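Coordinate inspection notes
Here's the letter readout for the chains.
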Amino acid sequence: MSELLFDSEWLTLRRRADHQARDTLLNEEAAYWLTQRHRSHIVDLGAGNGNNAHYLIPWLGPQQHWRLIDHDAALLKEARRSLEEAIQSNHASEGHGVETGQMDLNTLDLPALNQQWPIDLVTASALLDLASAAWIERLAEQCHAIQAAALFVLNVNGHWSITGIKDGLDETVRQAFNTHQTKSKGLGHGPALGPMAAFAASDQFKRVGFEVQTRTSVWQLLAGSAYTKALGFQLINGWHQAACEMLPDQIHEFDVWFVRRQTQLASGQVGIEVGHTDLYAEPLAS
Ligand SMILES: C[S@@+](CC[C@H](N)C(=O)[O-])C[C@H]1O[C@@H](n2cnc3c(N)ncnc32)[C@H](O)[C@@H]1O
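Residues numbered from 1 in each chain as written. Predicted model: local features only at pLDDT ≥ 70, side-chain atom pairs only at ≥ 80, totals over all residues. Heavy atoms only, no water.

Section: the sheet that holds strand β6 (residues 210-221)
One open sheet accounts for 7 strands, arranged β3-β2-β1-β4-β5-β7-β6; its pairing is mixed. The open sheet has two edge strands, β3 (97-102) and β6, and neither has a second partner. If you compare each strand with its neighbour and ignore which way they point, the axes differ by 20° on average. Both strand β2 (residues 64-70) and β3 contribute to a ladder of 6 bridges, which runs parallel. (Pairing = 2+ DSSP bridges. Helix = DSSP H or I, 4+ residues; strand = E, 2+ residues; numbered from the N terminus. Axes fitted to C-alpha atoms, helices over the stretch in contact; angles between N-to-C directions.)

So, in structure tokens, the structure goes:
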């Protein structure tokens, strides 16, 4: 199975938009759950260079023990180094710890891990939309088997828009991109769920007996900012490439759209919004 690799620069570029977008109520739910457990063993799936832990550490109380899992050893090394630095600088007295584990998430076995290292919270950011329906179904079953809460955030939900100037081709590009998102990403067999992932996860967690809350988390990139231009350039580029791949007969139209939208972005006339869905699931008291 080919490995889906993510660029550290891309993950770092998104960090500010990710952190601004995330739903804070769900952090409080997770923090309360950990308080009730009197222990904070947290597994971060598809941790990349540590984006999710960097965001959550200030929210989740003292003595957090993180286990970051990813198949990309270089990203994990970077995550560990930057998290240890952040803990040392900002949370030195709180007793946090970070471990990493290089692993293919297709072989994830939370019940086995839970026997050596009891897990309280399973989390991931920007991961579920890469996964197949069967993988998400197994994930919910494994969380149920270990009775851990789950916080899965920044799952793309397919609603993005370029704001400020309307463009008749945006909708075609958006639909083509959303279809492209469902190509297999190697996380579970078969197509990825893409924009449907958070909804499928919600159904699966409810099925296994969890109370589920979902909230939207939208990247809001304001027209004219240097950050919007940097992240927006990459987004429009990705949407353009996906549209050309899905609808090759319209490549010329998409190329013209690409230049038009990039010019408007660079001159500060348009901003961008990208919709995500965050999900928190907690085992119902039995
Ligand atoms: C979109 S990135 C998100 C990274 C990080 N959670 C963040 O929010 O920046 C998805 C991550 O999942 C990892 N990943 C994808 N498929 C995987 C698999 N089959 N096994 C382990 N990690 C995987 C990638 O290496 C990448 O770090």
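Considerations on the packing of helix α7 (residues 170-180) against helix α9 (residues 226-246)
The N-to-C vectors of α7 and α9 enclose an angle of 80°; their axes lie 8 Å apart at closest approach. Between α7 and α9, the angle falls in the class roughly perpendicular. Within the contact between the two elements, α7 uses Val173, Ala176, Phe177, Thr179 and His180 and α9 uses Gly238, Trp239, Ala242, Ala243, Glu245 and Met246. Of the residues contributing to the contact of α7 with α9, the split by class is 7 nonpolar, 3 polar and 1 charged. (Parallel < 35°, antiparallel > 145°, perpendicular 65-115°, else oblique. Contact = heavy atoms within 4.5 Å. Nonpolar A, V, L, I, M, F, W, Y, C, P; charged D, E, K, R; others polar.)

What to know about the environment of His65
With respect to the secondary-structure elements, His65 resides in strand β2. We classify His65 as partly exposed; its relative accessible area is 32%. Distance in space between the C-alpha atoms of His65 and Val98 is 5.9 Å, their sequence separation being 33 residues. The contacts of His65, once residues within four sequence positions are left out, are Ser40, His41, Ile42, Gly95, Gly97 and Trp117. (Buried < 20%, exposed > 50% of the residue type's maximum accessible area, 1.4 Å probe, protein only.)

A look at the packing of aromatic side chains
In total, this model carries 4 aromatic pairs according to the counting rule given. With 3.6 Å between their ring centres and 5° between their planes, Trp160 and Trp239 make a pair best called stacked. Residue Trp160 is located in strand β5 (residues 149-163), and its partner Trp239 is located in helix α9; the two are separated by 79 residues in the primary sequence. Accessibility classification places Trp160 together with Trp239 in one group, the buried group. Ring geometry for Phe205 versus Phe210: centroids 5.2 Å apart, planes at 65°, classification edge-to-face. For the pair shown, Phe205 and Phe210 are each scored as buried. Over the ring of Trp117 we find Arg67, and its NZ or CZ is 4.8 Å from the ring centre. (Phe/Tyr/Trp six-rings, centres within 6.5 Å; stacked < 30°, edge-to-face > 60°. Lys NZ or Arg CZ within 6 Å of the ring centre and 35° of its normal.)

Details of the nonpolar core
Looking at soluble globular proteins, one finds that nonpolar side chains tend to be buried together. In terms of nonpolar packing, the biggest core is built from 50 residues, with Leu60, Trp66, Trp239 and Ile272 touching the most fellow members. With 8 residues, the top contributor of residues to this core is α9. In this structure Ile272 touches Ser161, Ile162, Thr163, Trp219, Gln220, Leu221, Gly232, Leu235, Ile236, Trp239 and Leu265, once residues within four positions along its chain are discounted. (Core = buried A, V, L, I, M, F, W, Y, C linked by side-chain atoms within 4.5 Å.)

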